[in-house]
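# Coordinate inspection notes
If you want the building blocks of each chain, they are given just below.
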Amino acid sequence: MESLSRASIANPGTLSPTSSSASYFLFPRRFRLSNGFSSSSAFGNLRRIVSRGRVRAEIEKPNAPVIDFSDPEWRIKYQKDFELRFNIPHITDVFPDAKPIPSTFCLRMRTPVSEDFAGGYPSDEEWHGYINNNDRVLLKTINFASPNSAGAVCIDPDCTWVEQWVHRAGPREKIYFKPEEVKAAIVTCGGLCPGLNDVIRQVVITLEIYGVKSIVGIPFGYRGFSNSDLSEMPLSRKVVQNIHLSGGSLLGVSRGGPSVSDIVDRMQEKGINMIFVLGGNGTHAGANAIHEECRKRKLKVAVVGVPKTIDNDILLMDKTFGFDTAVEEAQRAINSAYIEAHSAYHGVGIVKLMGRHSGFIAMHASLASGQIDICLIPEVPFQLHGPHGVLTHLKYLIETKGSAVVCVAEGAGQNLLQKTNATDASGNMVLGDIGVHIQQETKKYFREIGVHADVKYIDPTYMIRACRANASDGILCAVLGQNAVSFPLIPLSPLKVFPILIINC
């Protein structure tokens, strides 16, 4: 069995991992039509691609059939195909005889679940807060009239827009796990991100609302399953009540871990039958492998993934938790660079912001600050040298304004750096330091042309990651945590890792 850092998807047509995005998505294969637009088919092997800064999993198959648009029922067939691809694994797929019980979740109830209720479970038929299993959320809300409209994505020659719906998150009336029989575990993996403690807190609180008594935290990511020196941490509302007021993760984080088989062995030994995984693409690849191993062993275990990426680079998701906080905190670094640059003779301030292969943090921070002269992101290629290069424009800014401020995303300009093909413990490619490269090239350029330049470089990456979530991210994390709990307790388990955020409303 491979270690988690190398876990991969072996079942095409199921939920698939995204890069740097902490979630699993199911996407159709794309193929070209005669007019250059894209369409879809449901089968084939998984392939990861990057499109406009958003990372997604794509399914492709050689010689796959093209949609027959002359068929008057092609829209119905396409929609059925889409629903099949977005189907969520059901507990009855593995346990056909599993019986549902009335939900123990009700926001009107202020007391814990106890045997005082009839049959051990409360009944509140007048509460209309449950979600119907057939509820769907519309992915797109714009009917594009032209393929040239900003953001238009067409799937047929006439640019006909086809509605695409995904499952709605939230508590259901029936559940398949008895709360008193549940031992839930929470694990946070990968790097730090503002909001981790907020999600942990809400998962624990919601589990207690359902009546779950046994909740533990696995310390330091998947590593906590294999290291005998690391003991599981008992969690309760009392323990997590104020953890959202601090940054980082109460449980600690790490990359990589033991083999999938070893993790499932430890879960069986500890009696864990519900696990909540907070992490990125490598973490979720591991979670998917855990799900497959549990399914193979016919274990009644729910595996739920909450997508964690500060980079905001998950396709179909408007925003990921930690992103707003990152943009807000980046203002401090940008303002410092601005002050340094404008306080110096021919000052140049350079700020490198995180984002991996996407430029959302750099772009939004630059727009919000109003102090950036040049913003460099991975989605837009650029050159440093030449008449249209960044350095030539810096010279123009020095001559006309007397100073300049540059914001660069960490994944920008990688074609200008020497590739090492190195990867981290999660299997992510290690990026070259474009910020230091631009700093050195800027100094060298102005020195060669005989113009004085005072260059200052700021990299606030670890300062931003360690911050507590702001109010906006705090609300988002609360919604994610609550909906994460609803999925394993409703009839949708054993559960493959699922992108909870995109189906929330």
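Residues numbered from 1 in each chain as written. Predicted model: local features only at pLDDT ≥ 70, side-chain atom pairs only at ≥ 80, totals over all residues. Heavy atoms only, no water.

The name given to the protein chain in an unreviewed UniProt entry is Phosphofructokinase domain-containing protein, and the organism recorded there is Linum tenue. Turning to the protein chain, the UniProt record has this under Catalytic activity (unreviewed entry): "beta-D-fructose 6-phosphate + ATP = beta-D-fructose 1,6-bisphosphate + ADP + H(+)". (UniProt positions renumbered as here; feature names shortened; annotations may be inferred.)

## A short note on the packing of helix α7 (residues 323-342) against helix α8 (residues 360-369)
Packing of α7 against α8 leaves a shortest axis separation of 9 Å and a crossing angle of 55°. The pairing of α7 with α8 is recorded here as oblique in orientation. In this structure, the crossing between α7 and α8 has a hand that is right-handed. Contacts from Phe 323, Ala 326, Val 327, Ala 330, Gln 331 and Ile 334 in α7 reach Phe 360, Ile 361, His 364, Ala 365, Ser 366, Ala 368 and Ser 369 in α8. Its residues assigned to classes, the contact of α7 with α8 comprises nine nonpolar, four polar and no charged. (Axes fitted to C-alpha atoms, helices over the stretch in contact; angles between N-to-C directions. Helix = DSSP H or I, 4+ residues; strand = E, 2+ residues; numbered from the N terminus. Parallel < 35°, antiparallel > 145°, perpendicular 65-115°, else oblique. Left-handed = near helix turned anticlockwise from the far one by under 90°. Contact = heavy atoms within 4.5 Å. Nonpolar A, V, L, I, M, F, W, Y, C, P; charged D, E, K, R; others polar.)

## Some details on the nonpolar core
Judged by nonpolar contacts, the single largest core of 58 residues is most densely connected at Ile 186, Leu 207, Met 274, Phe 276, Phe 321 and Leu 353. Among the elements that make up this core, the one with the highest residue count is α7 (eight residues). Once residues within four sequence positions are removed from consideration, Leu 207 is found in contact with Ala 184, Val 212, Ile 215, Met 274, Phe 276 and Val 485. (Core = buried A, V, L, I, M, F, W, Y, C linked by side-chain atoms within 4.5 Å. Buried < 20%, exposed > 50% of the residue type's maximum accessible area, 1.4 Å probe, protein only.)

## Let's talk about the packing of aromatic side chains
Within this structure, the stated rule accounts for two aromatic pairs. Ring plane angle 35° and centroid distance 5.0 Å describe the contact between Phe 105 and Tyr 210, whose orientation is recorded as tilted. You can see Phe 105 sitting in the loop between β7 (101-102) and β8 (136-138) and its partner Tyr 210 sitting in helix α3 (residues 196-210), a full 105 residues away along the chain. Residues Tyr 445 and Phe 446 carry aromatic rings whose centres are separated by 5.3 Å and whose planes lie at 80° to one another, so their mutual orientation is edge-to-face. You'll find Tyr 445 and Phe 446 in the same group, each marked buried. (Phe/Tyr/Trp six-rings, centres within 6.5 Å; stacked < 30°, edge-to-face > 60°.)

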